[in-house]
Amino acid sequence: MNRRQWLLGTASAGLLAPRASSREPARLEARLVRLRLRHTWTTTMSSSDFRDTVHTAYTRDGITGRGEGAPIPRYRETPEGAKRAVEAMAPQITAGNPFEFDKLLRTTFATIEDNYAARAAVDIALMDWVGQKLGVPLYTYFGLDPADAPLTSFSIGIDKPEVIRQKVREAAPYPILKVKVGLDVDEATIRAVRSVTDKPIRVDANEGWKDRDTAARKIEWLIGQGVEFVEQPMPAAQIEDVRWLRERFAIPIIADEAVLHPGDIPRLAEAYDGVNIKLDKAGGILEAWRMIQIAKALGMKTMLGCMISSSVSVTAAAHLSPLVDYADLDGNLLIANDPYRGVQVKEGKLVLPDAPGLGLTPA
Ligand code: MG
């Protein structure tokens, strides 16, 4: 066998690094999708009946990878701004080699400021494409066992007690609830939940308790109500106050608004027991994977969360979920017009699709 025959043989056996063919120019398209909520969604930050997310499609070699990012108003992101940022990145992304995704995404993201929802939408589409092209589900690409995917909680927004009771009844198939608190109606909210169910609940105050004494009083009461952990009890900047709370209570305290990027995690390790990582905050699957690894290395609990979004973004996060302790991946369950079908929830457990890439199908 001469060198040429040997190379041809190894290439056909798939032993050489995969290549994208360049016969047809690649395309990266962005559009806004309005997701209608099943219930008006209220937290300490906002109240709304719909959310607009940016959806992306990266097409090359006859394969389309899909991505999505939910712009977060707290970080001054807007749907239109996210779409513009994707369009600004498109020339560089489509000109690059998708199998050099780490370099391609790093160099492209270095050309834009912030815009983490847009980054997530581009990263997810590219990774979906890579998985499809290689013929493996993303969890396999990351070396994970889908059987390790955790239970997901189901979120209950702030509302009148009679509406909360109704939502809790509708959430009967989900074994864990995550209840939004952080306002002066907290006790009424939890009492309404507890009048219907005794299943485990987690609470998310979304920075709502502004001073440490209020937070301590609320947490003490919540521990008596069988709460499993407390997410972002106080404003993100008040790390010292959260450290003070942690010294007083054994219940885990999880950071959400306080953690955006890998570099945030080490200084949070002294005040928080864990971090809630979201693809929309991190800027995609790869950065979320790095954050999970950093948090684990620091001995912290890890959680994957999501914004209100379709099955594209939620499924992308779900592919990393075998890595984490807690999942709150229910954004797609809260909307009435999901354009895709991906991760499913069976008796609360995340069931990952086994088709290549994200494994999405049209709804
Ligand atoms: Mg949260």
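Residues numbered from 1 in each chain as written. Predicted model: local features only at pLDDT ≥ 70, side-chain atom pairs only at ≥ 80, totals over all residues. Heavy atoms only, no water.

**Student:** So what about the nonpolar core? Which residues, and what values?
**Tutor:** Counting 106 residues, the largest nonpolar core has Ile93, Leu177, Leu245, Tyr272, Ile285 and Leu329 as the members making the most contacts within it. The residue makeup of this core includes at least three contributed by each of domain 1 (25–135) and domain 2 (140–362). Those residues within four positions of isoleucine 93 in sequence are excluded, and the remaining contacts are Leu28, Tyr58, Leu104, Leu105, Thr108, Val122 and Leu126. (Core = buried A, V, L, I, M, F, W, Y, C linked by side-chain atoms within 4.5 Å. Buried < 20%, exposed > 50% of the residue type's maximum accessible area, 1.4 Å probe, protein only. Domains from an automatic or database assignment. Contact = heavy atoms within 4.5 Å.)

**Student:** If you had to explain the domain arrangement of the protein chain to someone new, which residues and values would you point to?
**Tutor:** Domain parsing of the protein chain yields domain 1 (25–135) and domain 2 (140–362). Centre-to-centre separation of domain 1 and domain 2, based on C-alpha positions: 22 Å. Contacts between the two partners involve 42 residues from domain 1, matched on the other side by 49 residues from domain 2. For the pair domain 1 and domain 2, the summed buried surface comes to about 3,600 Å²; carbon and sulfur atoms form 64% of the total. Looking at the side of domain 1 facing domain 2, the largest losses of area belong to Trp41, Thr44 and Tyr116, adding up to 16% of the total buried there. Here glutamate 207 ties to arginine 74 by a salt bridge, and the two come within 2.6 Å at their closest N and O atoms. On inspection of domain 1 and its partner domain 2, the count reaches 17 residue pairs in polar contact (both at pLDDT 80 or more). Those elements giving two or more residues to the side of domain 1 that touches domain 2 turn out to be β1 (27–42), β2 (47–60), β3 (63–69), α3 (101–109) and α4 (116–134). For the side of domain 1 that touches domain 2, the per-class residue count stands at 17 nonpolar, 12 polar and 13 charged. (Buried area = accessible area lost by both parts, 1.4 Å probe. Salt bridge = Lys/Arg side-chain N within 4 Å of Asp/Glu carboxyl O. Polar contact = N/O pair within 3.5 Å; in protein donor to acceptor, adjacent residues only side chain to side chain. Helix = DSSP H or I, 4+ residues; strand = E, 2+ residues; numbered from the N terminus. Nonpolar A, V, L, I, M, F, W, Y, C, P; charged D, E, K, R; others polar.)

**Student:** Explain the environment of lysine 346 to me, using residue names and the numbers behind them.
**Tutor:** You can see lysine 346 is positioned in strand β13 (residues 344–346). Take lysine 346: its relative accessible area is 53%, and that puts it in the exposed class. Here the alpha-carbon distance between lysine 346 and leucine 32, two residues 314 residues apart in the chain, equals 30 Å.

**Student:** Account for the pattern of salt bridges, with residues named and values stated.
**Tutor:** Applying the stated rule across the entire model yields 24 salt bridges. Salt-bridge contacts for arginine 106 lead to aspartate 102; the nearest nitrogen and oxygen are separated by 2.8 Å. Separated by 4 residues within a single helix, arginine 106 and aspartate 102 lie in helix α3, roughly one turn from each other. Residue class for arginine 106 comes out partly exposed when judged on its relative accessible area of 47%. Salt bridges linked by common partners bring Lys178, Lys180, Asp204, Glu231 and Asp328 together as one network.

**Student:** Explain the coordination of the magnesium ion to me, and be specific about the residues and the numbers.
**Tutor:** Protein coordination of the magnesium ion is provided by Asp204 (OD), Glu231 (OE) and Asp256 (OD), with donor distances spanning 2.1 to 2.2 Å. Sequence spacing among the residues donating to the magnesium ion works out to D-x26-E-x24-D. Taken as a pair, aspartate 204 in strand β6 (residues 201–204) and glutamate 231 in strand β7 (residues 227–231) lie far apart in primary sequence, 27 residues in all. With relative accessibility at 0%, the residue glutamate 231 sits in the buried group. (Donors = N, O, S within 2.8 Å, 3.2 Å for Na, K, Ca; no water.)

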